[in-house]
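# Observations on chain architecture
Chain by chain, the residues run as shown.
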Amino acid sequence: MKNVIYLFVVLVWSSCTNVDRKLEESTTLNNQVLQSNYDPEAKLDSLGISLRDIGNPLANYVHAARSGNLMFLAGKGPRQADGENIVGKLGQDLSVEEGYLAAREAGINQLSVLKKELGSLKKVKRIVSVHGMVNATADFTDHSKVINGYSNLMVAVFGNQGKHARAAVGMVSLPGNMAVEVEMVVEVYPE
């Protein structure tokens, strides 16, 4: 009887192990299919967005620093394709809609950094965290609506992998009177 119970336990354990292995293989295969079929750069093209030459940092820092599979992107502002920043204070000089567009421009600049650093946006596994800073008056309260311009762009480009943890805060000022500045943490696929 003892041998029959032992044999039964071994068969059940072996069966469960095989199911787990098949699930793991299936998940890996599905992830590979999704990775090879999804092209964030094609999505940018369909949105009419061109990435930019981000140039070199203007101070003693780097555009991005990688630690393991995480990339930490330095804050970027709303520099437009013509090289001009969107400047002004929300609640005084700029509307929420103008702030939204400024945050979207900051997002395009961060995507440009990722492309330069990684060579391909397909290497982005997910957007982890966004820290949005809004140049705003003391009584301005729509910071999150402004930073939605950034967040919505990340989701438009990366789908569910673009959804992220986020902070949207007001600042008394930003460098050069920029309307917004945004930092980002991104998980990338291992090299």
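Just above sits the structure.
Residues numbered from 1 in each chain as written. Predicted model: local features only at pLDDT ≥ 70, side-chain atom pairs only at ≥ 80, totals over all residues. Heavy atoms only, no water.

## Description of the overall build of the chain
Counting its secondary structure elements, the chain contains four helices and five strands. Starting at the N terminus and ending at the C terminus, the chain contains elements arranged as α-α-β-β-α-β-α-β-β. Partitioning the contacts of the chain with sequence separation of at least 6, the portion at a separation of at least 24 is 82%. For the chain, the exposed surface amounts to about 11,200 Å²; the carbon and sulfur share of it is 54%. (Helix = DSSP H or I, 4+ residues; strand = E, 2+ residues; numbered from the N terminus. Contact = heavy atoms within 4.5 Å. Areas by Shrake-Rupley, 256 points an atom, 1.4 Å probe, with all protein chains shown as cover.)

## Some thoughts on the environment of Val157
Structurally, Val157 can be placed in helix H4 (residues 143–158). Judged by its relative accessible area of 0%, Val157 is buried. Val157 sits 36 residues away from Leu121 along the chain, and the two C-alpha atoms are 9.7 Å apart. With near-sequence residues (within four places) excluded, Val157 lies in contact with Tyr38, Pro40, Lys43, Leu44, Leu47 and Leu111. (Buried < 20%, exposed > 50% of the residue type's maximum accessible area, 1.4 Å probe, protein only.)

## Description of the nonpolar core
Membership of the largest hydrophobic core comes to 37 residues, with the highest contact counts inside it found for Leu114, Tyr150, Val180 and Met184. Every element with two or more residues in this core is listed here: strand E2 (70–76), helix H3 (96–118), strand E3 (124–135), H4 and strand E5 (180–188). Top element by residues in this core is H3. It accounts for eight residues. When sequence neighbours within four positions are dropped, the list of residues in contact with Tyr150 reads Ala103, Arg104, Ala106, Gly107, Gln110, Val130, Val182 and Met184. (Core = buried A, V, L, I, M, F, W, Y, C linked by side-chain atoms within 4.5 Å.)

## Remarks on the packing of H3 against H4
For the pair H3 and H4, interaxial distance at closest approach is 6 Å and the crossing angle is 40°. The orientation of H3 with respect to H4, classified from their angle, is oblique. The interaxial crossing formed by H3 with H4 has right-handed handedness. Within the contact between the two elements, H3 uses Val96, Gly99, Tyr100, Ala103, Arg104, Ala106, Gly107, Ile108, Gln110 and Leu111 and H4 uses Lys145, Val146, Ile147, Asn148, Gly149, Tyr150, Asn152, Leu153, Met154, Val157 and Phe158. Here the residues of the contact of H3 with H4 sort into 13 nonpolar, six polar and two charged. (Axes fitted to C-alpha atoms, helices over the stretch in contact; angles between N-to-C directions. Parallel < 35°, antiparallel > 145°, perpendicular 65-115°, else oblique. Left-handed = near helix turned anticlockwise from the far one by under 90°. Nonpolar A, V, L, I, M, F, W, Y, C, P; charged D, E, K, R; others polar.)

## Quick look at the sheet that holds E5
Reading across the sheet, the five strands line up as E1-E2-E5-E3-E4 and stay open at both edges, with mixed pairing between neighbours. Each edge of the sheet is formed by a strand with only one pairing partner; in this case those strands are strand E1 (64–67) and strand E4 (165–171). Each neighbouring strand pair of the sheet contributes to a mean axis angle of 15°, computed without reference to strand direction. Against the sheet, H3 touches E1, E2, E3 and E5, its axis set at about 135° to E2. (Pairing = 2+ DSSP bridges.)

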